[in-house]
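Report on the structure
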Amino acid sequence: MNNALLEVRDLCVALPSGADRPFAVKNVSFSLAPGEILCIVGESGSGKSVSANAIMGLLPDAMKPKAGSILFKGNELLHQTEEQRLSWRGKDIGMIFQEPMSALNPIMRVGEQIAEVMAEHGTHSDKARQARVLELLAFVGLPDPERLRHSYPFRLSGGQRQRVMIAMALALEPAIVIADEPTTALDVTTQAQILALIKRIQHAMGMGVIFITHDFGVVAEIADRSSHGERNTGRAGAGAAGAEPATASVHPALDRRSSAFARRRTKVWFRCSIASGKKPAKDLYPCQRIVRQEAHTTSSQQCQL
Ligand SMILES: Nc1ncnc2c1ncn2[C@@H]1O[C@H](COP(=O)(O)OP(=O)(O)OP(=O)(O)O)[C@@H](O)[C@H]1O
Ligand SMILES: [Mg+2]
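A few words now on the nonpolar core. Soluble globular proteins tend to bury their nonpolar side chains together. Core analysis: the largest hydrophobic core is formed by 70 residues, its most contacted members being V13, I114, A167, I176, I178, I210 and F211. Among the elements that line this core, the one with the most residues is helix α7 (residues 158-170), at seven residues. In this structure, I114 is in contact with V133, L136, A167, M168 and A171, ignoring residues within four places of it in sequence.

Right, let's talk about the sheet that holds strand β4 (residues 64-72) for a bit. If you trace the four strands from one edge of the open sheet to the other, you get β2-β1-β4-β5, paired in antiparallel fashion. Two strands bound the open sheet, and with one partner strand each, they are β2 (23-32) and β5 (75-76).

This next bit is on the environment of G159. Turning to its location among the elements, G159 is positioned in helix α7. Sequence separation between G159 and P182 is 23 residues; the distance between their C-alpha atoms is 9.8 Å. Those residues in contact with G159 that lie beyond four places of it in its chain are L186, T190, Q193 and I194.

What follows is about the pairing of β4. Bridge analysis of strand β1 (residues 6-14) against β4 gives seven bridges, and the strand direction is antiparallel. By the bridge assignment, L6 is partnered in β4 with F72. Bridging between β4 and β5 involves two bridges; their strand directions are antiparallel. Within the sheet, the bridge partner assigned to F72 lies in β5 and is N75. Adjacent in sequence and paired antiparallel, β4 and β5 are bridged by two residues, among which K73 carries a positive phi angle near 45°.

Right, let's get into the confidence of the model for the protein chain. Averaged over all residues, the pLDDT of the protein chain is 75; the fraction at 70 or higher stands at 72%. The least confident element of the protein chain, judged by mean pLDDT, is helix α10 (residues 252-276) at 38; the most confident is helix α6 (residues 145-148) at 96. Contacts for the low-pLDDT stretch residues 237-301, under 50 throughout, to residues beyond four places or in other chains number 102 contacts.

Conventions we followed
Residues numbered from 1 in each chain as written. Chains lettered and ligands numbered in written order. Predicted model: local features only at pLDDT ≥ 70, side-chain atom pairs only at ≥ 80, totals over all residues. Core = buried A, V, L, I, M, F, W, Y, C linked by C-beta atoms within 7 Å. Buried ≥ 20, exposed ≤ 12 C-beta atoms within 10 Å, placed from the backbone. Helix = DSSP H or I, 4+ residues; strand = E, 2+ residues; numbered from the N terminus. Contact = placed C-beta atoms within 7 Å. Pairing = 2+ DSSP bridges. pLDDT = per-residue confidence, 0-100.

Here it is in structure tokens:
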């Protein structure tokens, strides 16, 4: 993709010796355009988080990228020094983690944690940071930001903690947000609210979103395109760049499963809505614009241990 914000090509990440297979991800390729929501969908253990962490430069020492490239606006992110990564991590690419309770600092008030993102990058004066914290808390739909910013994470509900994580990821208006299964730990109603929030934010801010999930129902609700990871091979296909959803090939399995999940999700939504007396929001209907990308690489570059 020529105008890609992010381009991951033939990424191979080795597992530590003694693991059940040599690679956590093998020849993974995908790209993200500005303003696009790309879903990476794959079963547990297929290497989705490893791919995300490789982009963020957050791989554990025991796991090494062995081949491939990760280009952000044309700049290679693989093999950078930690100092180089600190200059863009959180500023140009933000991340929303699966478990806000483990990602948030339990002994720091949530407002301080959001302000810290700005302080780390030396943006905003002290006063402007505080104002921005309030603005962000309100933007992600948290009630009474003035009071809430003084709360510790354990005082908040799971959905509220995830909103705080989203506020942190948005603090510096990154060009890309990577959301690694941000709704898995939440009940179905809260999940739908967080998905709607991510869609709303993406629409309002026009950033690119990489949305990682193993839930095909979630994909049906949020995806412009999807990239399908497979366990055992640990690889994902290259994106059908710029493909028109209506004409692009849809993998039969993904299509069947997503339709089934989507129908079920719609029913759940109707049940929730009836219970709450509200009509479901139209944009939460399954979008059905799911494109399955090539499941195997055509790359000549092989992973070498
Ligand atoms: N720190 C680590 N040390 C050793 N192996 C690891 C480490 N982190 C991940 N792995 C292995 O890498 C593989 C891919 O893991 P990863 O967490 O990326 O899967 P995933 O697709 O994100 O799964 P899930 O949907 O459950 O989050 C798995 O086999 C996992 O056991
Ligand atoms: Mg994961």
